[in-house]
Every structure is written in C-alpha cells, then in structure tokens.
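So the chains spell out like this:
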Amino acid sequence: MESLSNKKKVLEQKPLSFMERMYLPAIAKGMGITISHLFKKEATVRYPEVEREFSTNFRGMHSLKRDENGKERCTACGLCALSCPAEAITMIAAERKPEEKHLYREEKYAATYEINMLRCIFCGLCEEACPKEAIYLDGPIVPADYLRKDFIYGKDKLVEAPLEIKK
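Just so you know, these numbers come straight off a predicted model, no measurement behind them.

Cut-offs used in this document
- Residues numbered from 1 in each chain as written.
- Predicted model: local features only at pLDDT ≥ 70, side-chain atom pairs only at ≥ 80, totals over all residues.
- Heavy atoms only, no water.
- Pairing = 2+ DSSP bridges.
- Helix = DSSP H or I, 4+ residues; strand = E, 2+ residues; numbered from the N terminus.
- UniProt positions renumbered as here; feature names shortened; annotations may be inferred.
- Contact = heavy atoms within 4.5 Å.
- Buried < 20%, exposed > 50% of the residue type's maximum accessible area, 1.4 Å probe, protein only.
- Lys, Arg positive; Asp, Glu negative; His and termini not counted.
- Salt bridge = Lys/Arg side-chain N within 4 Å of Asp/Glu carboxyl O.
- Phe/Tyr/Trp six-rings, centres within 6.5 Å; stacked < 30°, edge-to-face > 60°.

Direction of pairing for strand 2 (residues 89-95) relative to strand 3 (residues 108-116): antiparallel, over a ladder of seven bridges. Bridge pairing in strand 3 places Ile-92 opposite Thr-112. Of the pairings in the sheet, the one linking strand 3 to strand 5 (residues 152-153) comprises two bridges and is antiparallel in character. If you follow Ile-115 over to strand 5, its bridge partner there is Tyr-153.

This is how it looks when you write it as structure tokens:
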C-alpha cells in the first residue's frame, strides 16, 4: 500500500569503522557522563531523615472543621459531593436529635461522611464549594497502605479534635 503523501525516505546505512565496531568511543562517552554526575548536586531528598518543604498552596488530607464552640460545621448540604469531579465524596444526612444539640450547629448534619482517597484528585473544589467552611485540605500527606478499604476515610479520621474550652 502506498503512503498518502507519496514521500519516501531512503535510509543509507554505511558500514561501521574499526573504532565504532570496538565501541570504545561509546564506552568512553558513557563513562564521562557517569563520572560527571559524581560531582553534581544530589537531586533526591533523603526522605525519612530530611523532609521536603511544601509550597504554600499544598493540598493535603481533608479535614472537617469545628466551630469555636466545638460543634461540627458540616450541615450535609452536599455541595462538596456535587462539586467533586472524581465523585470521591459520599454523605448521608440525618436530623439532629434534641440530645445532640451540643454536637451539631444546625438541624441537619452528616451522619456518614466518607471520602475515597484513591479517587480524590486533590483539586480543592470541595473546599471552595462549602458555604459553611467545613472542609479544608490542610492535613498531612495521605499515608500509604496496603488495602483499598483503608483509603476510605470516614468522620472518625476526618473530623478534627474538639477544642478544649477553658472555663
């Protein structure tokens, strides 16, 4: 079958010289490159001993915030789940009971709030969509694990610890 452009490229393969057949110039060139790398600055960071600095706009693990009274800010409006392009956030809303008034700000709260960290692309759209400023990507790096089910973070891992109010 002919090519569409009807252009043909003819390759001429000349025979190798004696020195090229011995591969000595290629070996010398490779050794020169290797030796030059010995005197250059290291490109890697020795991770466990030295931790790398992150930029100011680093997005880490998610955290659900509390207000100044220690109540959860999330009102289960679902805007974070709707804005997530990876569909990593799932939540189930529930009505607040009278005895739970000290735990939640409003009548509706997220009974279950889960983020699948394997699907999350850390875009920050959930943080921008939240009208109550309840979710932030200000945590540490998501730790490594072996099982897929361990990457689904619930409220037990996401909600920050309550502030101790001094009386």
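Turning next to the UniProt feature "binding site: [4Fe-4S] cluster 1" (unreviewed entry) in the chain. Those places that UniProt annotates as "binding site: [4Fe-4S] cluster 1" (unreviewed entry) correspond, in this numbering, to Cys-74, Cys-77, Cys-80 and Cys-130. Taken together, the annotated residues stretch across 57 residues yet fold into one region, lying no more than 10.2 Å apart by C-alpha. By secondary structure assignment, the location of Cys-80 is in helix 3 (residues 79-83). Excluding residues that lie within four positions of it along the chain, Cys-80 makes contacts with Ile-89, Met-91, Tyr-113 and Cys-126. Locating Cys-130 in the fold gives a position in the loop between helix 4 (125-129) and strand 4 (135-136).

Mapped onto the secondary structure, Glu-100 falls in the loop between strand 2 and strand 3. Despite its burial, Glu-100 pairs with no opposite charge, the nearest such side chain being Lys-97 at 4.8 Å. Setting aside chain neighbours within four positions, we find Glu-100 in contact with Glu-95 and Tyr-109.

In this structure's numbering, the residues bearing the UniProt feature "binding site: [4Fe-4S] cluster 2" (unreviewed entry) are Cys-84, Cys-120, Cys-123 and Cys-126. The named residues occupy 43 residues along the chain; their greatest pairwise C-alpha distance, 10.4 Å, places them in one compact cluster. Tracing the backbone shows Cys-84 in the loop between helix 3 and strand 2. Classification of Cys-84 as buried rests on a relative accessible area of 13%. For Cys-123, the position within the fold is in the loop between strand 3 and helix 4. Not counting residues within four places of it along the chain, the set of residues in contact with Cys-123 comprises Arg-59 and Pro-85.

This next bit is on the packing of aromatic side chains. Here the structure, examined in full by the defined rule, presents two aromatic pairs. Their ring planes at 10° and their centres at 3.8 Å tell us that Tyr-104 and Tyr-109 sit as a pair that is stacked.

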